[in-house]
Amino acid sequence: MKIGVIGGGQLGRMLALAGTPLGMGFVFLDPAPDACAAALGEHIRADYSDQDHLRQLADEVDLVTFEFESVPAETVAFLSQFVPVFPSAEALRIARDRWFEKSMFQDLGIPTPEFADIQSQADLEAAVARIGLPAVMKTRTLGYDGKGQKVLRSQSDVEGAFAELGSVPCILEGFVSFAGEVSLIAVRARSGETRFYPLVHNTHESGILRLSIASTDHPLQALAEDYVSRVLTKLDYVGVMAFEFFEVDGGLKANEIAPRVHNSGHWTIEGSESSQFENHLRAVAGLPLGSTAKVGESAMLNFIGEVPVVERVLHVQDCHLHHYGKAFKAGRKVGHATLRCNDAATLKARIADVEALIKV
Ligand SMILES: Nc1ncnc2c1ncn2[C@@H]1O[C@H](COP(=O)(O)OP(=O)(O)O)[C@@H](O)[C@H]1O
Ligand SMILES: [Mg+2]
């Protein structure tokens, strides 16, 4: 089976690493000459709106999926004429726009921070008067890794903030003093069968994910599964979805969804029976889902900007290195390490071992 992937970054690369043993081949469409997934499949180097090349992709593959959600809606609509596309155009339309996303949470009774649509500086002033400060202003579309957002702490931060974020449609959210951040990775098959991985604790630095630790018997697992199920059913979703939550007062507030495999699920490659990448491919291809059961205790540390010396990483016991083969650049995710051990105390020690390498 040939799988077309829109985007050729590390998520596409890890999809291909999971799908190749299942007999799948991969074609990536990405304008970047150095797309790191290209090492594992064919690379159509073209713009996401280039209809000739989209047509070529559709002709070559059995189905198309995505490794990022900021794909133009017209791209999905165009491809859908010729080839099955999962997740659906509707799932992408919602997930790529924070206003649609939070409105959907609200409609489904899923708690989310207070929010307001911002189309002008005047809208912002009115929203600040209602929601209060501190608050977080985010562009409705195209934000990732904390980009396209600004924390507003005082009135002076509010002045000119609409122009600062590019005078594009934004939302304002109430600032959440969360006890922690967790994410739930779910997979839904074409048949509607749904499976969940255990909740993951996430730590961000400057808006970028740094550390994920898979939980065991998390008290909020059932609640998170209930909230995510509502969204999956509503969208008649097919594939892997990641759902980010804030932990507040013993409950959950929904932050955002990603209609794709997700950084906080990378630990599943070594830490679960079937990884998020394999399960995404099984789902979109109409194959039976694999077990999402956790194997031992797992954590994932991102390498941001650069990968430490490979030999040093491999010296750490229970450590699995994933080097994406991307050029090193400040703030860019260029690799990760997964630590998998039999007990939580050992896991903690191993995390410290890898963190020590990052600081060097
Ligand atoms: N309303 C909020 N209150 C407090 N912190 C927030 C809020 N929104 C985002 N953050 C912080 O910023 C991080 C990135 O924001 P997020 O909305 O998830 O955007 P991105 O698409 O860049 O991941 C979050 O993981 C969280 O740590
Ligand atoms: Mg996020």
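Model, not experiment: these values are computed from the prediction.

1. Re the overall build of the protein
- Each helix and strand counted, the protein has 13 helices and 17 strands in total.
- A compact globule built from 360 residues should have a C-alpha radius of gyration of about 21 Å, and the protein, at 20 Å, falls within 12% of that.
- Its C-alpha atoms give the protein principal-axis dimensions of roughly 55 × 55 × 40 Å.
- Out of the 360 residues in the protein, the part that is buried amounts to 54%.
- Here the analysis covers contacts within the protein between residues at least 6 apart in sequence; of these, 61% occur between residues at least 24 apart.
- With the model as given, the accessible surface of the protein reaches about 14700 Å², and the carbon-plus-sulfur share is 50%.
- In the protein, the 33 positive side-chain charges and the 46 negative ones have mean positions that sit 2 Å from each other.

2. Looking at the UniProt feature "domain: ATP-grasp" (unreviewed entry) in the protein
- When the UniProt feature table is mapped onto this chain numbering, "domain: ATP-grasp" (unreviewed entry) sits at residues 102-285.
- Annotated as 28% helix and 33% strand, the span residues 102-285 places its first and last C-alpha atoms 29 Å apart.

3. A few points about the nonpolar core
- Of all hydrophobic cores here, the largest spans 35 residues; its most connected members are I3, F26, F277 and L281.
- Contributions of two or more residues to this core are made by strand 1 (2-6), helix 1 (10-19), strand 2 (25-29), strand 9 (180-188), strand 12 (208-214), strand 13 (239-248) and helix 11 (276-284).
- Per-domain counts for this core show at least three residues from each of domain 1 (2-85) and domain 3 (180-359).
- Apart from the residues within four sequence positions on either side, F277 is in contact with L11, M14, L15, A18, V261, H266 and I269.

4. Observations concerning the environment of E67
- For E67, the position within the fold is in the loop between strand 4 (63-66) and helix 3 (73-80).
- For E67, a relative accessible area of 9% corresponds to the buried category.
- Residues E67 and F28, 39 residues apart in the sequence, show an inter-C-alpha distance of 9.8 Å.
- Residues contacting E67, with those up to four places away along its chain left out, are V5, I6, G7, G8, G9, Q10, L11, G12 and R260.

5. Concerning the coordination of the magnesium ion (ligand 2)
- Ligation of the magnesium ion (ligand 2) by protein atoms is provided by E244 (OE), E244 (OE) and E256 (OE), these donors lying 2.0 to 2.7 Å from the ion. Of the two residues, E244 is situated in strand 13 and E256 in strand 14 (residues 251-258); the sequence distance between them amounts to twelve residues.

6. With respect to the domain arrangement of the protein
- Along its sequence, the protein is organised into domain 1 (2-85), domain 2 (114-174) and domain 3 (180-359).
- Centre-to-centre separation of domain 1 and domain 2, based on C-alpha positions: 33 Å.

7. Digging into the sheet that holds strand 4
- Strand order in the open sheet formed by four strands is 3-2-1-4, with parallel pairing between adjacent strands. Looking at the sheet topology across the chains shown, the edges are occupied by strand 3 (42-44) and strand 4. Going from strand to strand, the sheet's axes swing by 25° on average, the running direction of each strand aside.
- In this sheet, strand 4 lies alongside strand 1 in parallel orientation, the contact comprising four bridges. For V5, the partnering residue across the bridge sits in strand 4 and is T65.
- Strands strand 1 and strand 2 of the sheet are contacted by helix 1, whose axis makes an angle of about 170° with strand 2.

8. A look at the packing of helix 2 (residues 51-60) against helix 3
- Running from amino to carboxyl end, helix 2 crosses helix 3 at an angle of 45°, the nearest separation of the two axes being 10 Å. With respect to each other, helix 2 and helix 3 are oriented oblique. Every pair of crossing elements has a handedness; the one defined by helix 2 and helix 3 is right-handed. Of the residues in helix 3, those touching helix 2 at Q51, L54, R55, L57 and A58 are T75, F78 and L79.
- The residue inventory of the contact of helix 2 with helix 3, partitioned by class, reads five nonpolar, two polar and one charged.

9. Side note on helix 11
- Counted residue by residue, helix 11 has nine buried out of nine residues, so it is predominantly covered.
- Positive backbone phi, at 75°, marks G286, one or two positions downstream of helix 11.

10. Considerations on the site of ligand 1
- Neighbouring residues of ligand 1: 19 residues in total, closest K138, G146, E181, N255 and E256.
- Between an oxygen atom of ligand 1 and a side-chain N or O atom of K138, the distance comes to 2.6 Å.
- A distance of 2.9 Å separates a nitrogen atom of ligand 1 from a polar side-chain atom of E173.
- Here ligand 1 has 540 Å² of accessible area as a free molecule, and 90% of this is covered by the chains.
- Elements with a minimum of two residues in the shell around ligand 1: strand 6 (135-139), strand 8 (170-174), strand 13 and strand 14.
- Classifying every residue of the shell around ligand 1 by side-chain character gives six nonpolar, six polar and seven charged.

11. Some remarks on the side chain of R98
- Here R98 is to be found in helix 5 (residues 98-107).
- The exposure class of R98 is buried, given its relative accessible area of 8%.
- Residues in contact with R98, not counting those within four places in the same chain, are K138, T139, R140, G143, Q149, I171 and E256.

12. Describing the packing of aromatic side chains
- Inspection of every chain in the model, using the stated rule, returns nine aromatic pairs.
- Residues Y48 and F68 carry aromatic rings whose centres are separated by 5.2 Å and whose planes lie at 50° to one another, so their mutual orientation is tilted. Of the two residues, Y48 sits in the loop between strand 3 and helix 2 while F68 sits in the loop between strand 4 and helix 3, which places them 20 residues apart along the sequence.
- Judged by its relative accessible area of 16%, Y48 is buried.

Calculation criteria
Along every chain, residues carry numbers that run from 1 in the direction the sequence is written. Chain letters and ligand numbers both follow the written order, the letters beginning at A and the numbers at 1. Reporting in this predicted model follows two pLDDT cut-offs: at least 70 for local features of residues, and 80 or more for side-chain atom pairs to be given and counted; totals over whole chains, interfaces and linings ignore these cut-offs and use all residues. Hydrogens and water are ignored here; the side-chain numbers use all heavy atoms of the structure. Only DSSP runs of H or I reaching four residues or more are called helices, and only runs of E reaching two or more are called strands; each is numbered from the N terminus. In this description the radius of gyration comes from C-alpha coordinates, and the expected globular size is given by 2.2 Å times residues to the power 0.38. Buried means the residue's accessible area, taken with a 1.4 Å probe over protein chains only, is under 20% of the maximum for its type, while exposed means over 50%, and partly exposed covers the values in between. Working rule for contacts: check all heavy atoms of both residues, and any pair within 4.5 Å makes them a contact. Shrake-Rupley sampling with a 1.4 Å probe provides the accessible areas, and residues are treated as covered by the protein chains on show and by no other component. Residues scored as positive are Lys and Arg, those scored as negative are Asp and Glu, and His as well as the terminal groups of each chain are ignored. Note on charges: their place is set at NZ of Lys, CZ of Arg, CG of Asp or CD of Glu. UniProt positions are given in the numbering used here, feature names are shortened, and annotations may be inferred rather than shown by experiment. To qualify as a nonpolar core, a set must consist of buried Ala, Val, Leu, Ile, Met, Phe, Trp, Tyr and Cys residues joined through side-chain atoms within 4.5 Å. Per the annotation, domain bounds derive from an automatic or database assignment of domains. Water is not part of the atom set, so a site may look incomplete; the donors themselves are N, O and S atoms within 2.8 Å of the metal, or 3.2 Å for Na, K and Ca. Strands were regarded as paired on the criterion that DSSP finds at least two bridges between them. Every axis corresponds to a line fitted to the C-alpha atoms, with the helix fit spanning only the stretch in contact, and the corresponding angles, defined between N-to-C directions, vary from 0 to 180 degrees. Relative orientations are named as follows: roughly parallel for angles under 35 degrees, roughly antiparallel for angles over 145 degrees, roughly perpendicular for angles from 65 to 115 degrees, and oblique for any other angle. The crossing is said to be left-handed when, going from far helix to near helix, the turn is anticlockwise and less than a right angle, and right-handed when the turn is clockwise. Three classes are used, and their members are as follows: Ala, Val, Leu, Ile, Met, Phe, Trp, Tyr, Cys and Pro are nonpolar, Asp, Glu, Lys and Arg are charged, and the others, Gly among them, are polar. Near, as used in this document, describes a residue that has one of its heavy atoms within 4 Å of the molecule or strand being considered. For the purposes of these results, a polar contact is taken to be a pair of N or O atoms within 3.5 Å, where, inside protein, one atom must be able to donate a hydrogen and its partner to accept one; residues adjacent in sequence count only when each atom of the pair is a side-chain atom. Aromatic pairs are defined between Phe, Tyr and Trp rings, using the six-membered ring for Trp, whenever the two ring centres lie within 6.5 Å; interplanar angles under 30 degrees are classed as stacked, those over 60 as edge-to-face, and all others as tilted.

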